Amino acid sequence: AQAPEEGFKTALVMPVYNEDPERVFAGLRAIDRSLQETGQAEGFEIFVLSDTRDPDIWVEEELQWRKWAVEQGRPARVFYRNRVEKKSRKSVNLADFCRQWGGRYRYMIVLDADSLMSGSTLVEMVARMERNPDVALIQVPPVPVNRVSLFARVLQFASSLYGRIFVAGLSYWQGD
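First, a word on scope: everything that follows refers to the structure included in this document. These numbers come from a predicted model, not from an experiment.

### Description of the packing of helix 1 (residues 21–38) against helix 4 (residues 119–131)
Point 1. Close contact between helix 1 and helix 4 brings their axes to 7 Å; oriented N to C, the two are set at 70 degrees. The pairing of helix 1 with helix 4 is recorded here as roughly perpendicular in orientation. From helix 1, Ile31, Ser34, Leu35 and Thr38 reach across to helix 4, where they touch Gly119, Ser120, Leu122 and Val123.
Point 2. For the contact of helix 1 with helix 4, the per-class residue count stands at four nonpolar, four polar and no charged.

### Details of unusual backbone geometry
Point 1. At asparagine 18, a position not held by glycine, the phi torsion is positive, near 55 degrees.
Point 2. Among the residues examined, asparagine 18 registers a relative accessible area of 31% and is labelled partly exposed.

### Comments concerning the sheet that holds strand 2 (residues 44–50)
Point 1. Here four strands make up an open sheet; going across it, the order is 3-2-1-4 and the pairing parallel. Each edge of the sheet is formed by a strand with only one pairing partner; in this case those strands are strand 3 (78–82) and strand 4 (107–110). On average, adjacent strands in this sheet sit at an angle of 25 degrees to one another, irrespective of strand direction.
Point 2. Pairing of strand 1 (residues 10–16) with strand 4, which is carried by four bridges, proceeds in the parallel orientation. The partner of leucine 12 across the bridge, within strand 4, is isoleucine 109.
Point 3. Sitting on the sheet, helix 3 (residues 90–101) touches strand 1, strand 2, strand 3 and strand 4, and the angle it makes with strand 1 is about 150 degrees.

### Section: the packing of aromatic side chains
Point 1. Applying the stated criterion to the full structure yields eight aromatic pairs.
Point 2. Between phenylalanine 47 and phenylalanine 97, the aromatic rings sit 4.8 Å apart at their centres with planes inclined by 65 degrees, giving edge-to-face as the arrangement. Highlighted residues: phenylalanine 47 in strand 2 and phenylalanine 97 in helix 3, separated in sequence by 50 residues. Grouping residues by exposure puts phenylalanine 47 and phenylalanine 97 together as buried.
Point 3. By the ring-pair criterion, three or more aromatic residues cluster together here, those being Phe47, Phe79, Phe97, Trp101 and Tyr105.

Rules and cut-offs
- Residues numbered from 1 in each chain as written.
- Predicted model: local features only at pLDDT ≥ 70, side-chain atom pairs only at ≥ 80, totals over all residues.
- Heavy atoms only, no water.
- Axes fitted to C-alpha atoms, helices over the stretch in contact; angles between N-to-C directions.
- Helix = DSSP H or I, 4+ residues; strand = E, 2+ residues; numbered from the N terminus.
- Parallel < 35°, antiparallel > 145°, perpendicular 65-115°, else oblique.
- Contact = heavy atoms within 4.5 Å.
- Nonpolar A, V, L, I, M, F, W, Y, C, P; charged D, E, K, R; others polar.
- Buried < 20%, exposed > 50% of the residue type's maximum accessible area, 1.4 Å probe, protein only.
- Pairing = 2+ DSSP bridges.
- Phe/Tyr/Trp six-rings, centres within 6.5 Å; stacked < 30°, edge-to-face > 60°.

Below, the structure written as structure tokens:
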């Protein structure tokens with residue numbers, strides 16, 4: 001994939017609500033390390049948009065973020081916000097982010113709290129968006145990993161067998 005043009009930024013956004021802070025930040029750190037390996041990490045800024053109400057989890061989120069921000073040094077590329085007014089949780093938090101800060105970014109990639117994506121996948125998504133300026137949404141197919149329950153393990157196995165065929169069929173029916 002081509003490197004983004006100079007000054008070009010993509011917001012990598014993770015809305016959270018009472019999630020395990022250690023898991024959330026471990027996942028984001030892994031994503032960031034992978035982005036660093038692509039050599040294009042400076043084209044991305046990472047946001048944790050919290051609607052957490054549990055005070056213990058909220059404090060742990062802020063501690064995890066602050067520790068990471070200090071390790072990164074300046075200028076920081078990781079931002080954290082816990083909204084004061086918590087209406088409708090994640091969807092309104094994303095809308096609020098877009099209204100307040102969306103103008104700084106050409107693209108936004110939204111992650112679930114348990115998402116893991118490779119840096120090369122993120123860079124490729126941005127490159128595809130650049131090549132297709134009329135695109136509204138790119139969805140990466142979910143791949144379950146490290147599942148524990150019997151049902152989840154069966155789902156994980158089925159996904160490994162049929163996932164590519166399912167995505168190819170979905171792509172065919174949805175078109176460009």
